[in-house]
Amino acid sequence: MVFKSNFRWFHVLDDLHDRYGDYVRVGPRELSISDPDAITPVLGLSSKTTKGPFYGSLEQTVHTTRDRRFHRQRRRVWDNGFKESLALFGPRIEGFTDSLLNRIEENTAQAVAINEICEHYSYDVMSALAFGKTTGFTEGKSTDTAKKVIVGIRKGVEGMSLLLHVPWILSMLKRCSRVPSPMKFFNDWSAEQVELRRRIANPEPDLMGHLMKNTPNDRQGKILLDAEARLIIGAGSDTTGAALSLIFIYLAMHPSALDDIRKEMDAVFAASQYSCLRRQPVLDSVLNEVLRLHPPVLFGAQRVTPPEGLQIGAVFVPGNAVVSIPPYRLARDPRNYAFPDSFIPERWTSRPELVRNRAAFIPFSTRPYNCAGKNLAMTELRSVVARVTGDYDVGFPVEDKFDEEAFFERMTDHFTIGVPRQNLIFSGPVSESVPTSTVAVNLKDVKRLEFLQPSTDADLADPQVYGNFRDY
Ligand code: HEM
């Protein structure tokens, strides 16, 4: 059915829920649940559910382990790693954003494939985190390797999306990674990069260094680290790349949202208050609204109910049932949001009444298995969007005749979201096209040099600086 849906399983689920209601049986012992009251009992911190069979059929990592104790220990290692490295990583993220701005500058006023530049950016950031060095994809280096790595990951997630409904077949994916294939290329490439990372004499602090320090130096440890290096790249690049592409497409569709961000950020830059780690009301409202409309992970986290069963309001779900909550359905449910299909960033700022159920906003899932890289992802999105919108307007090439409905119809579900290829045009610099800009000097130079580096403990503890640490 997933195959027949042409990788649009999220639409199939939507139709099934329209027809049969909140609880739909989608497998012999599997339920898809769209009841908003199910979020806490199924996914929440004190939920008695465990991760479903899908996870167990993949190589063990912090993400795929079904062992709660191991997850707790390993997740602590990851969380501490991010806490240590994120503040130091901020300036490096700005360096990658510099490269992205250069690439846009070289292509100003020409059609650029937005998906490609966003993918390259997110792969570069993730490679630096995972392997301690940049792959130079954004700068146009290593193009062949970039292509192969990206295809390898895509084949992996496509395989997962097809087979995750049939766990015994899913275990074959592991074997696919050993016979010549794009996935094997990716696996070999990443294992080699981990090995090279081990040999760097004085590496800059990064997540992989932290994971290495906290993993036994034996065969099991090596297997875990290799798998987690792939997890960093796989979990962090497709998701962030897709989110970034969609944000720019929405800004091209809604130039007023771009103006609002620019207005907010002009003042922030002028006061030298910019930090990509710091939450900004308008900027974040646009990011959140795109993440709401198009959760980059379309896979509804799979859980198994406890043997005694699970009570959700008036509904009793029997024990050992596999359950999941479809993220797309949740985002488009009028019980959760007023005008759920409309792009209204103000619902996150001046019009909170348009959010009817805040618990439903979980593009990064929710604790205890929420996204470990959420703060990093938001940092990347802020850095790129704040700085690109400061310098450029974004639009569609006239000859493309962008058709919103047809475009979103072509979105696919490969576990993560598949954003259709789209060209955009960046025109600027804005300091010439917007004479009312409050910043007299070249805005671009200010932005490249004067970002805050919140590296003190006080900054880290400040919810304004480390916004988005809390669950929405
Ligand atoms: C916009 C970007 C991102 C989105 C929307 C996103 C979303 C998610 C979601 C929904 C999950 C839960 C998946 C599940 O339940 O199976 C998850 C887990 C995870 N994500 Fe992200 N993610 C993003 C970026 C990142 C980045 C940059 C990293 C960095 C390495 C990352 C690392 C992880 C890890 C390690 C997990 C597993 C956590 C655990 O199970 O304890 N993600 N992410």
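Bear in mind the structure is a predicted one, so any value in this text is a computation, not a measurement.

What counts, and at which threshold
- Residues numbered from 1 in each chain as written.
- Predicted model: local features only at pLDDT ≥ 70, side-chain atom pairs only at ≥ 80, totals over all residues.
- UniProt positions renumbered as here; feature names shortened; annotations may be inferred.
- Helix = DSSP H or I, 4+ residues; strand = E, 2+ residues; numbered from the N terminus.
- Buried ≥ 20, exposed ≤ 12 C-beta atoms within 10 Å, placed from the backbone.
- Contact = placed C-beta atoms within 7 Å.
- Expected span 1.5 Å × (residues − 1).
- Pairing = 2+ DSSP bridges.
- Axes fitted to C-alpha atoms, helices over the stretch in contact; angles between N-to-C directions.
- Parallel < 35°, antiparallel > 145°, perpendicular 65-115°, else oblique.
- Left-handed = near helix turned anticlockwise from the far one by under 90°.
- Nonpolar A, V, L, I, M, F, W, Y, C, P; charged D, E, K, R; others polar.

1. A word on the UniProt feature "binding site: heme" (unreviewed entry) in the chain
Stage number 1. This chain's UniProt record puts "binding site: heme" (unreviewed entry) on Cys371.
Stage number 2. Mapped onto the secondary structure, Cys371 falls in the loop between α13 (327–331) and α14 (374–391).
Stage number 3. On the neighbour-count criterion, Cys371 (19 C-beta atoms within 10 Å) is partly exposed.
Stage number 4. In this view, Cys371 contacts Phe364 and Ser365; residues no more than four positions away in its chain are not counted.

2. Some words on helix α10 (residues 219–253)
Stage number 1. For α10, with 35 residues, the first-to-last C-alpha span of 51 Å sits near the 51 Å given by 1.5 Å per residue.
Stage number 2. For α10, the buried fraction is high: 27 of the 35 residues fall into the buried class.

3. Let's talk about the sheet that holds strand β2 (residues 30–33)
Stage number 1. The strand order β1-β2-β8-β5-β3 describes an open sheet built from 5 strands, whose pairing is mixed. If you trace the sheet from one side to the other, it starts and ends with β1 (23–27) and β3 (50–51), each paired once.

4. Details of the packing of helix α4 (residues 68–106) against helix α5 (residues 114–131)
Stage number 1. Running from N to C, α4 and α5 cross one another at 155 degrees; their axes reach a closest spacing of 10 Å. Looking at the two axes, α4 sits roughly antiparallel to α5. For the crossing formed where α4 meets α5, the hand is right-handed. Facing Arg92, Ile93, Phe96, Leu100 and Arg103 of α4, the residues of α5 in contact are Ile117, Tyr121, Asp124, Val125 and Ala128.
Stage number 2. In terms of residue class, the contact of α4 with α5 is made up of 7 nonpolar, no polar and 3 charged.

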